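Take a look at the letters that make up each chain.
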Amino acid sequence: MEGAPKRKWGVTNPISEAPPSEADLKLNDELIAYLKDKNNFETPEGMENRQKVLQLVQKVAEEFMRRVGRAKKLSEATVNSLGGKVFTFGSYQLGAYGPTSDIDTLILAPKHVMLDDFFEHWPSTFRELSNPDELTEMVVVPEAYVPIIKMEYRGVSLDVIFASLPTQATIGRDFKLDDMNVLKGLNPDQMRSVNGVRCGEELQQSVPQIKTFRHALRTIKMWANRRGVYGAVFGYPGGIAWAIMVARICQLYPYACGATVVSKFFNLMRKWRWPRPIMLKESGGGGPLNLPYWNPSHDHKARAHMMPVITPAVPQMCSTHSVSLSTMALMMDEFERADNIINSIVTGGKRWDDLFQRHTFFTKNHKYYLAVHATCTTKNAHDQFSGLVKSKVRLLAKGIDEGETNIKYAITYMDGFDRYHRCGNEDQISQVRQGQLKYKIDKDQIPKDDAQPSSDGWPKTIYTTTFYIGLILPEEDMKSDGKAKLDISWPVSDFRSLVENHPDYDANTMGVRVVHIRDHQLPDDVFEEGETRPTKPIKEKKKKANGTRIKHSNANGTTTASTKAKRQFEETGLEVRTSKRQK
């Protein structure tokens, strides 16, 4: 209606309400064409397949509730009224998913059905109601930060989490989570599960143009993955955090097209006055239930957040609490790089493809790395143990950041590398645990579950996942010709204690090693085709007097002598690799 007040988007007035120009729209069309060319959008057939999978999940959820009710000897009337509803959140809920995206799924149950029931009955119920030939993964992870079942059905990956509402005796298909009173009695784990759905719903209501938001979010997520700055578990913004950041730019430019939002995103993020928080709405406090919420005025942990991005649903929380000094420094560099490229794209000097060039974490950024090897002797143990180590790697990097290590930055890589090995004796297993790839095999070479080893029990398949931390030294130490002492013994010791003292750790089947390697020792599988890998620098031979030989500890406690490395890690407790790289 003419004269009606305009809606205020976000916590401030917009920076610009200008509509897109013809040049903006042309650039936007080019961006969308590029995203489609890179298979960033799901196909109509893929969308239909996902809908059918979710329909099956809903069917399984209702049958699962009935089975639990009967097992608890509830009346048949109560059993039939339990219901149960499937919610989605994450990229699928936000409409910014592609052919390889998983579906984050919440199974919401009434008060009679508990988390233990979910882990006990869900796998068998799903198997009975689905086609077993189309179920390719079912991994139960009850000890995760958010307890989860990971599945893959008909080519669709699902991360299934669970919550039970203590105030509800029945959950119908039309049940909604917009009334906070239904959350009464939830514990912190269940609140995190439910809030994923609620945040996604509020986020979509917080942006002026949902289509523009989705195009911009697709772009930023693709960029973040290509540049190696994605994933809360490794100290970077996760999916919801990137979505909130994009939504805030949409609020500041409410009529802009996707390409303009992307351009403004990088420019504003590089100039943002952190730790000033990014928020889509004013703080709602603890709401009617007086729940804990992000409040730096009264919480020292909230004050310590370096790059706070606050979720919109009450209770509002920081979605970037894992960002560290090192990962933030990398993101600031990436924002600046992207902003410069976008400016050149606008003027015609560069193309969209330049923005998405793969990161240089392994090819250029670092001379020194820590390789964290998680090793298991069985596949079932490895599925769980690799996740445990993955959740702790950023804490090792944080310990290096905050300790007196003489290291400027310890930057985690945003993924792990799964490898498989066939070992003929314990000595070969010991080598694999230190990162040796001599016995590596392809995944399709792993014997079937029913394959029998020889009479003496060998050979054995060993499963490893390796995570990498890139190290950057202060400039003055880079010029010191290797004389600086780098002591990371305390953070390494703390990290190993965190892993080895975990209740699920089994010393008979699991092991973790932290190994220092140089850039030219990196294995081939961390590089993509066409990348130039670092090579060992050629130096003049030094006089014999300078060729001091030092001893390095091996995994078995013995020592071997080798020519003094240029950069010595004093008293680190590390297994220092001195051998040549393996293919």
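So, here's what we can say about the structure. Treat the numbers as computed from the prediction; the structure is a model and nothing was measured.

### Focus: the overall build of the protein
Each helix and strand in the protein was counted, giving 16 helices and 13 strands. Here the protein, with 583 residues, has 51% of them falling under the buried criterion. Across the protein, the fraction of contacts at a sequence separation of at least 24, relative to all contacts at a separation of at least 6, is 72%. Accessible area for the protein stands at about 28,800 Å²; split by element, carbon and sulfur atoms hold 48% of it.

### Observations concerning empty space enclosed by the protein
Within this structure, the stated rule accounts for three cavities of 30 Å³ or more. What the largest cavity holds in volume is close to 50 Å³. Counting residues per element, the ones that place at least two in the lining of the largest cavity are helix H11 (325-347) and strand E7 (409-423). Taken together, the residues of the lining of the largest cavity sort by class into four nonpolar, four polar and two charged.

### Topic: the side chain of Gln316
Among the secondary structure elements, Gln316 is positioned in the loop between helix H10 (300-303) and H11. A polar contact of 2.6 Å, which involves the side chain of Gln316, links it to the backbone nitrogen of Gly284. Setting aside residues no more than four positions away along its own chain, Gln316 makes contact with Met279, Lys281, Glu282, Ser283, Gly284, Gly285, Tyr293, Trp294, Ile310 and Thr311.

### Focus: the sheet that holds strand E5 (residues 156-164)
The five strands lie next to each other as E1-E2-E5-E4-E3, forming an open sheet whose pairing is mixed. Looking at strand neighbours, the two that pair on one side only are strand E1 (85-89) and strand E3 (135-141), the edges of this open sheet. The sheet shows a mean angle of 25° between the axes of neighbouring strands, direction not considered. Relative to E5, strand E4 (residues 148-153) runs antiparallel, the two sharing five bridges. Residue pairing for E5: Ile149 is matched across the bridge by Val160.

### A closer look at the pattern of salt bridges
It is possible for side chains of opposite charge to pair when their charged atoms get near one another. A full pass over the atoms with the stated rule returns 22 salt bridges. Residues Glu528 and Arg226 are paired through a salt bridge, measuring 3.6 Å at the closest nitrogen-oxygen approach. Taken together, the positions of Glu528 in the loop between strand E10 (510-518) and strand E11 (549-553) and Arg226 in helix H7 (residues 210-226) put the pair 302 residues apart, joining distant regions of the chain. Here the residues in one salt-bridge network are Glu63, Arg66, Arg67 and Glu128, joined through shared partners.

### Focus on the nonpolar core
Counting residues in each nonpolar core, the largest one holds 100 residues, and the members touching the most others are Trp223 and Trp242. Here this core takes ten residues from helix H8 (residues 239-252), the largest share from any one element. Residue assignment places this core across two domains, with domain 1 (22-38 + 207-355) and domain 3 (368-445 + 458-526) each supplying three or more. Excluding its chain neighbours within four sequence positions, the residues that come into contact with Trp242 are Leu217, Ile220, Trp223, Ala224, Val229, Tyr230, Pro237, Phe265, Met331 and Phe335. Of all hydrophobic cores here, the second largest spans 30 residues; its members include Val60, Phe64, Ala109 and Tyr153.

### Some points on the side chain of Arg358
The topology assignment puts Arg358 in the loop between helix H12 (352-355) and strand E6 (368-376). The buried category is assigned to Arg358, whose relative accessible area is 14%. A distance of 3.3 Å separates polar atoms of two side chains, one belonging to Arg358 and the other to Glu528. Sequence-distant contacts of Arg358, that is, excluding residues within four places in its chain, are made with Arg226, Arg227, Tyr413, Val526, Phe527, Glu528 and Glu531.

### Considerations on the packing of H8 against helix H9 (residues 258-271)
Packed helices, taken two at a time, are described by the angle between their axes plus the distance between the axes. In the contact formed by H8 and H9, the axes pass within 9 Å of each other and the chain directions differ by 105°. Classified by the interaxial angle, the pair formed by H8 and H9 is roughly perpendicular. Residues Trp242, Met245, Val246, Ile249, Cys250 and Leu252 of H8 form the contact with H9, whose own contacting residues are Val261, Lys264, Phe265, Leu268 and Met269. Within the contact of H8 with H9, the residues separate by chemical class into ten nonpolar, no polar and one charged.

### As for the packing of aromatic side chains
This structure, assessed with the given rule, holds 31 aromatic pairs. For the ring pair Trp122 and Phe126, a centre distance of 6.2 Å and an interplane angle of 35° mean the geometry is tilted. Residue Trp122 and its partner Phe126 are both found in helix H5 (residues 115-129); the two are separated by four residues, about one turn of the helix. Taking relative accessible area as the criterion, Phe126 reaches 0% and is therefore assigned buried.

About the criteria used
- Residues numbered from 1 in each chain as written.
- Predicted model: local features only at pLDDT ≥ 70, side-chain atom pairs only at ≥ 80, totals over all residues.
- Heavy atoms only, no water.
- Helix = DSSP H or I, 4+ residues; strand = E, 2+ residues; numbered from the N terminus.
- Buried < 20%, exposed > 50% of the residue type's maximum accessible area, 1.4 Å probe, protein only.
- Contact = heavy atoms within 4.5 Å.
- Areas by Shrake-Rupley, 256 points an atom, 1.4 Å probe, with all protein chains shown as cover.
- 1 Å grid on protein atoms, 1.4 Å probe; cavity = no way out; pocket = protein on both sides within 12 Å on 5 of 7 lines; lining within 4 Å.
- Points joined across faces, edges and corners; volume = space filled by probe spheres on them.
- Nonpolar A, V, L, I, M, F, W, Y, C, P; charged D, E, K, R; others polar.
- Polar contact = N/O pair within 3.5 Å; in protein donor to acceptor, adjacent residues only side chain to side chain.
- Pairing = 2+ DSSP bridges.
- Axes fitted to C-alpha atoms, helices over the stretch in contact; angles between N-to-C directions.
- Salt bridge = Lys/Arg side-chain N within 4 Å of Asp/Glu carboxyl O.
- Core = buried A, V, L, I, M, F, W, Y, C linked by side-chain atoms within 4.5 Å.
- Domains from an automatic or database assignment.
- Parallel < 35°, antiparallel > 145°, perpendicular 65-115°, else oblique.
- Phe/Tyr/Trp six-rings, centres within 6.5 Å; stacked < 30°, edge-to-face > 60°.

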